[in-house]
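# A structural walkthrough
Residues per chain are reported as follows:
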Amino acid sequence: MSTKTQEKSHSKPSLRDLAEEIAEQEAVLRQGGGPAGQERQRRLGRLTARERLARLLDPGERFFELGLWAGYRMYEEWGGLPAAGVLTGIGKVSGRDVMIIANDATVKAGAMFPQSIKKVLRAQRIAFECRLPVIYLVDSSGVFLPLQDEIFPDEDDFGRIFRNNAVLSAAGIPQFAAVMGNCIAGGAYLPVLCDKLLMTEGSGLYLAGPALVKAAIGQNVDAEELGGARMHAEISGTVDFHEPNDESCLARLRRLVQLLPESDVEVRHPASSPSVDPGAVYDLVGGDGQKEYDVRDVLATIVDRESLEESRPSFGQTLVTCYVRIEGRPLGIVANQRQRVRSARGAIEIGGVIYTESADKAARFVMDCNQLRIPILFVQDVLGFMVGREAEQSGIIRAGAKLVNAVSNSVVPKITLVLGNSFGAGNYALCGKAYDPNFILAWPGARYAVMGAEQAAQTLHSIQTRSAGKKGAPLDEEESRRVYEEIKERYSEQMDIRYGAARGWVDAIIQPHDTRAIMSFLLRIVARCPLRAPTFHTGVLQV
């Protein structure tokens, strides 16, 4: 937790406070390796990764960056790893939407850490699902050897990147690679598995560098003769375009992308502005996950004016299900209602909790969106499913399983937005990361955990206290309190959305007032996605 957050912790920071802090920290993350790393690139006559992006992308168009928080505070013993040393995101190049994956050589010379690989794999998956052409800007020293055991052999490790190259190619998704620095060892397969390969003068592309060749077979060879741009363009025939520098290479990339077919013109309903200014969300939603609010007021800042058609508004009220449009594009929304409601039977139901009726309603709605072939947006601020005798007797497990089944088997695009809490099975039922959302985003106040910090600390503290007693060393009151506070502090740190974003549990932390614009952008991207299966089936449901 930052000093700024600690100073405000006693007064509970607002959503606006958290959004400002996230924006400040993201500005630092975008500096990559800082002045020292940037100066190294300049000495080598190369642009930095973000300078390359600026020249490659169409001016004035949004670049939606993915995984900016990857690796956050995970590799402090190695000096840190801003943005996991690789940039990924979606932007326009020559008028075409593309996925860009660019090594940031200002960070550890572009070395690949475990979270770097996880980030690249996520970008490739999004590109595959959304049928996005991919541009790789390669400038990497290869695998970070001290962590090779966490990088090398498994199905979600380094080799999966090259397998994905081949699968993307077979699916007819264009891939362009530009080697603009080092490309060493196994990493050399990535550009060669792409449709077009560009390489700048002074770059190196080889399975083993001069030092390793000398150690392995005793051969003395210089870098250019072994794997320079001219050698690959004139002798090995590996490179399609030999470029004198970064600027020339990026200009060529733009011209090559321009050869791709233009996207089909999208037919959509005329757009209208939202009925409530997007900035109003800061007054509606708190920063600590405690404040009650009517989620319809939040949706009014996101969706087109007068487009919201709520399904079953008086039944299962702790989930709101509605058909809407955003910038004219249709979609369905399943959202947690965070204010207390009174059921038709007169019972008060807790906001953010999923009851049997609300789970039944949401499952039916998800199935209907699949029938209509419209995307689904899941808006999470969920405390979990209701528990207790009445809940169990009403069939809460059966209803929850039905919702999980419907979400798991959905064939339409899915986007998940975590506004506040995302706890336990509620995360699963409302399309958490394990349920294949095309994109999963979070607001700055979001919290991920099996349960809340207080409940978790009490549970773990109780277990430790009983264990100490059984060993004949019961905790005194002061020690017991200290253990409780330590557990709560550790759990609270893990709940922070930055902790989850560092591990790839969300694709991006977004500014709340920018939600509508980002959703409009992503709906345009997921419109490219083919259905996951020709027809929608759920299998066996307990009804």
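Cut-off values and rules
- Every chain's residues receive numbers from 1 upward, in the order its sequence appears when written.
- The predicted origin of the model limits local features to residues at a pLDDT of at least 70 and limits the giving and counting of side-chain atom pairs to 80 or more, whereas totals for whole chains, interfaces and linings rest on all residues.
- Here the side-chain values reflect all heavy atoms present in the structure, with hydrogen atoms and water set aside.
- Strands are runs of DSSP state E lasting at least 2 residues, helices are runs of H or I lasting at least 4, and numbering of each runs from the N terminus.
- Type-normalised accessible area, obtained with a 1.4 Å probe on protein chains alone, sets the label of each residue: buried when under 20%, exposed when over 50%, and partly exposed for intermediate values.
- The positive count covers Lys and Arg only, the negative count covers Asp and Glu only, and His and the chain ends enter neither.
- Here the site of a charge means atom NZ of a Lys, CZ of an Arg, CG of an Asp or CD of a Glu.
- Each axis is a line fitted through C-alpha atoms, and for a helix only the stretch in contact is used; angles between axes span 0 to 180 degrees, taken between their N-to-C directions.
- In what follows, roughly perpendicular refers to angles from 65 to 115 degrees, roughly parallel to angles under 35, roughly antiparallel to angles over 145, and oblique to any angle outside these ranges.
- Each crossing gets its hand from how the near helix is turned against the far one by less than a right angle, where anticlockwise is left-handed and clockwise is right-handed.
- Only heavy atoms matter for contacts: two residues are in contact if any of them lie within 4.5 Å across the pair.
- Residue polarity follows a fixed list, in which Ala, Val, Leu, Ile, Met, Phe, Trp, Tyr, Cys and Pro are nonpolar, Asp, Glu, Lys and Arg are charged, and the others, Gly among them, are polar.
- Two aromatic rings from Phe, Tyr or Trp, using only the six-membered ring of Trp, form a pair when their centres are within 6.5 Å; if the ring planes differ by under 30 degrees the pair is stacked, by over 60 it is edge-to-face, and anything between is tilted.
- Any Lys NZ or Arg CZ found within 6 Å of a ring centre and within 35 degrees of that ring's normal is scored as a charge over the ring.
- Residue-level confidence of the predictor is what pLDDT reports, using numbers from 0 through 100.
- To estimate how far a helix should extend, the number of its residues minus one is multiplied by 1.5 Å.
- For the purposes of these results, a polar contact is taken to be a pair of N or O atoms within 3.5 Å, where, inside protein, one atom must be able to donate a hydrogen and its partner to accept one; residues adjacent in sequence count only when each atom of the pair is a side-chain atom.
- A pair of strands is labelled paired if DSSP reports no fewer than 2 bridges between them.
- Only buried residues count toward a nonpolar core. Its members are Ala, Val, Leu, Ile, Met, Phe, Trp, Tyr and Cys residues joined through side-chain atoms within 4.5 Å.
- What makes a patch is a set of residues exposed beyond 30% relative accessible area and free of salt bridges, joined within 9 Å when like-charged and within 5 Å when nonpolar (Val, Leu, Ile, Met, Phe, Trp, Tyr).
- For the area figures, the Shrake-Rupley method with a 1.4 Å probe applies, and any residue is considered shielded solely by the protein chains shown.
- Salt bridges are identified by distance alone: a Lys or Arg side-chain nitrogen within 4 Å of an Asp or Glu carboxyl oxygen.

### Examining the overall build of the protein chain
A count of helices and strands for the protein chain gives 21 helices and 20 strands. When its C-alpha atoms are laid out on the principal axes, the protein chain stretches across 80 × 70 × 45 Å. Per-residue burial for the protein chain yields a buried fraction of 52% across its 543 residues. When the 63 basic and 67 acidic side-chain charges of the protein chain are each reduced to a single mean position, those positions are 4 Å apart.

### Digging into the packing of helix H4 (residues 49-56) against helix H11 (residues 246-257)
Packing of H4 against H11 leaves a shortest axis separation of 9 Å and a crossing angle of 40°. Compared by their axis directions, H4 and H11 come out oblique. In the crossing of H4 with H11, the sense of the turn from one axis to the other is right-handed. Contacts from Arg52, Arg55 and Leu56 of H4 reach H11 at Asp246, Glu247, Leu250, Leu253 and Arg254. Looking at the contact of H4 with H11 residue by residue, the classes come out as three nonpolar, no polar and five charged.

### Looking at the packing of aromatic side chains
A full pass over the atoms with the stated rule returns eleven aromatic pairs. For the pair Trp78 and Phe144, a centre-to-centre distance of 5.1 Å together with 80° between the ring planes defines the contact as edge-to-face. One end of the pair, Trp78, is in the loop between strand E1 (64-66) and strand E2 (86-93); the other, Phe144, is in the loop between strand E4 (134-140) and helix H6 (158-170), with 66 residues separating them in the sequence. Trp78 sits in the partly exposed class, given a relative accessible area of 33%. Seen from their ring centres, Tyr499 and Trp505 are 5.9 Å apart, and the 65° between their planes marks the pair as edge-to-face. Exposure remark for Trp505: the relative accessible area of 31% places this residue in the partly exposed category. Through a chain of ring-to-ring contacts, the aromatic side chains of Tyr75, Trp78, Phe113 and Phe144 assemble into a single cluster. Above the plane of the ring of Phe128 lies Arg131, whose end atom (NZ or CZ) is 4.7 Å from the centre. Taking NZ or CZ as reference, Arg503 lies 3.6 Å from the ring centre of Tyr499, over its face.

### With respect to the confidence of the model for the protein chain
Put simply, the protein chain has an average pLDDT of 93, and 97% of its residues get 70 or more. Contacts from residues 3-9, a stretch scored under 50 in pLDDT, to residues over four places away or in other chains number six contacts.

### Points about helix H19 (residues 477-495)
Given 3.6 residues per turn, any residue in an α-helix points the same way as the ones three and four places further on. Here H19 contains 19 residues, and its C-alpha end-to-end distance of 27 Å stays within 8% of the 27 Å for a straight helix at 1.5 Å per residue. Tucked into the core, H19 has its buried residues touching strand E17 (414-423), strand E19 (447-449), helix H18 (453-470) and helix H20 (497-502). In this structure Asp476 caps H19, since a side-chain oxygen of it lies 3.2 Å from the backbone nitrogen of Glu478.

### Thoughts on the pairing of strand E6 (residues 196-200)
The element E6 is extensively covered by neighbouring structure, given that four of its five residues are classed as buried. Bridging between strand E5 (residues 175-184) and E6 involves four bridges; their strand directions are parallel. Within E6, the residue paired with Val179 across the bridge is Met199. Note: E6 against strand E8 (residues 241-243), three bridges, orientation parallel. Directly across from Leu198, in E8, lies its bridge partner Phe241.

### Considering the side chain of Asn438
Position of Asn438 relative to the elements: it lies in the loop between helix H17 (424-429) and strand E18 (439-442). The exposure class assigned to Asn438 is buried, which follows from its relative accessible area of 2%. Excluding residues within four positions of it along the chain, Asn438 makes contact with Arg122, Ile126, Glu129, Pro413, Lys414, Asp507, Val526, Cys529 and Arg532.

### Notes on the nonpolar core
Formed by 80 residues in total, the largest nonpolar core has its most connected members in Met99, Ile333 and Phe439. When near neighbours in sequence (up to four residues on either side) are disregarded, Ile333 contacts Leu299, Val303, Val320, Thr321, Cys322, Val324, Phe365, Leu377 and Val379. Within the second largest apolar cluster, 24 residues are counted, among which are Ile354, Ala363, Leu403 and Leu430.

### Considering a negative patch on the surface
Together, Glu201, Asp222, Glu224 and Glu225 give the surface a local cluster of negative charge. Within the fold, Asp222 resides in the loop between helix H8 (210-217) and helix H9 (223-227).

### Remarks on unusual backbone geometry
A positive phi angle, near 50°, is found at Glu327, a position not held by glycine. Here Glu327 shows up in the loop between strand E10 (319-326) and strand E11 (329-336). Look at Glu327 and you get partly exposed, because its relative accessible area is 27%. Even without being glycine, Arg373 reaches a positive phi, approximately 60°. Examined against the element boundaries, Arg373 turns out to sit in the loop between helix H14 (356-372) and strand E15 (376-382). According to the relative accessible area criterion, Arg373 is partly exposed, its value standing at 35%.

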